[in-house]
Amino acid sequence: KNQVEQSPQSLIILEGKNCTLQCNYTVSPFSNLRWYKQDTGRGPVSLTIMTFSENTKSNGRYTATLDADTKQSSLHITASQLSDSASYICVVIDNNAGNMLTFGGGTRLMVKP
Amino acid sequence: GAGVSQSPSNKVTEKGKDVELRCDPISGHTALYWYRQSLGQGLEFLIYFQGNSAPDKSGLPSDRFSAERTGGSVSTLTIQRTQQEDSAVYLCASSAGPGVGELFFGEGSRLTVL
């Protein structure tokens, strides 16, 4: 079964600090991998989309990396802000399953002042 | 509208009642998805519509769940004879399609079954 595993499940950091969230997947082949941010009580919002041939993509203070050989992706948040408190979801698009999206369970990040 | 719109935003119902949840996708988007998100859990795929093709219903958890999409636009997710385990946030998303392009989510409909 194709899976997307994220770690840690939750994380607390101080405002201004950096952090890195991990995503390991078994989906293969895949067309692209995405990171979404979901604020409490809101729908997910796209942060980055990477194809299998891309190694890194940035969106402001968010930088996603992808290693297709080890099937790992990470999301690095630089100089965290209180508004970064949210769940971060890794999603892999499965070519073999009609472009089915497989969602990770998310990492819940809390940024404290 | 500018984004995906879902209604109602909150619904409290009694066990055994039927509920309907509505999704208005972004105008022109041919692909529409329904997901369920239980408290603290990841998104669970329910159903996928793409243009005029037969929908992918493989994620519907039981025959109490059904969905339709009229005129290739608005979609309604119906849950019959609701159970307490149906309590969750139901999220709708749309994309320009075909293929999985940028996915835009609505704010969700929070269903509570008492």
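### So, the overall build of chain B
Along its length, chain B carries zero helices and ten strands. Counting from the amino terminus, chain B carries its helices and strands in the arrangement β-β-β-β-β-β-β-β-β-β. Relative to a compact globule of 114 residues, whose C-alpha radius of gyration would be 13 Å, chain B shows 13 Å and is just as compact. With the C-alpha coordinates of chain B rotated into their principal frame, the extents come out at 40 × 25 × 25 Å. Taken across its 114 residues, chain B has 46% of its residues classed as buried.

### Focus on the confidence of the model for chain B
Considering every residue of chain B, the mean pLDDT works out to 92; 96% of them sit at 70 or more. When mean pLDDT is compared element by element in chain B, strand E7 (residues 75–79) of chain B scores highest at 98, while strand E5 (residues 43–50) of chain B scores lowest at 92.

### So, the interface of chain B and chain A
Many structure descriptions define interface size as the accessible area lost when the parts assemble. Each partner contributes to the interface: chain B provides 18 residues, whereas chain A provides 18 residues. Summing the contributions of chain B and of chain A, the shared interface buries around 1300 Å²; its carbon and sulfur component is 56%. Here chain B and chain A share one salt bridge between them. The interface formed by chain B and chain A holds four residue pairs in polar contact (both at pLDDT 80 or more) in total. Only strand E4 (31–37) and E5 of chain B provide two or more residues apiece to the side of chain B that touches chain A. Per element, the largest residue contribution to the side of chain B that touches chain A is three residues, and it comes from E4(B). Considered class by class, the residues forming the side of chain B that touches chain A number eight nonpolar, seven polar and three charged.

### Considerations on unusual backbone geometry
A cis amide bond, omega -10°, links A:Ser7 with the succeeding residue A:Pro8. Position of A:Pro8 relative to the elements: it lies in the loop between strand E1 (4–7) and strand E2 (10–14). Backbone geometry at A:Lys71 places phi at a positive 55°, although glycine is not the residue there. Among the structural elements, A:Lys71 can be located in the loop between strand E7 (62–67) and strand E8 (72–77). Residues other than glycine seldom take positive phi values, yet B:Arg81 does so here, at roughly 45°. By the secondary structure assignment, B:Arg81 is in the loop between E7 and strand E8 (88–95). Relative accessible area serves as the criterion here: at 42%, B:Arg81 is assigned to the partly exposed category.

### Concerning the side chain of B:Ser95
All names here are of chain B. With respect to the secondary-structure elements, Ser-95 resides in strand E8. The class of Ser-95 is buried, set by a relative accessible area of 0%. Filtering out sequence-adjacent residues up to four positions away, Ser-95 remains in contact with His-29, Thr-30, Ala-31, Tyr-33, Gly-101, Glu-102 and Leu-103.

Cut-offs applied
Residues numbered from 1 in each chain as written. Chains lettered and ligands numbered in written order. Predicted model: local features only at pLDDT ≥ 70, side-chain atom pairs only at ≥ 80, totals over all residues. Heavy atoms only, no water. Helix = DSSP H or I, 4+ residues; strand = E, 2+ residues; numbered from the N terminus. Rg over C-alpha atoms; globule rule 2.2 N^0.38 Å. Buried < 20%, exposed > 50% of the residue type's maximum accessible area, 1.4 Å probe, protein only. pLDDT = per-residue confidence, 0-100. Contact = heavy atoms within 4.5 Å. Buried area = accessible area lost by both parts, 1.4 Å probe. Salt bridge = Lys/Arg side-chain N within 4 Å of Asp/Glu carboxyl O. Polar contact = N/O pair within 3.5 Å; in protein donor to acceptor, adjacent residues only side chain to side chain. Nonpolar A, V, L, I, M, F, W, Y, C, P; charged D, E, K, R; others polar.

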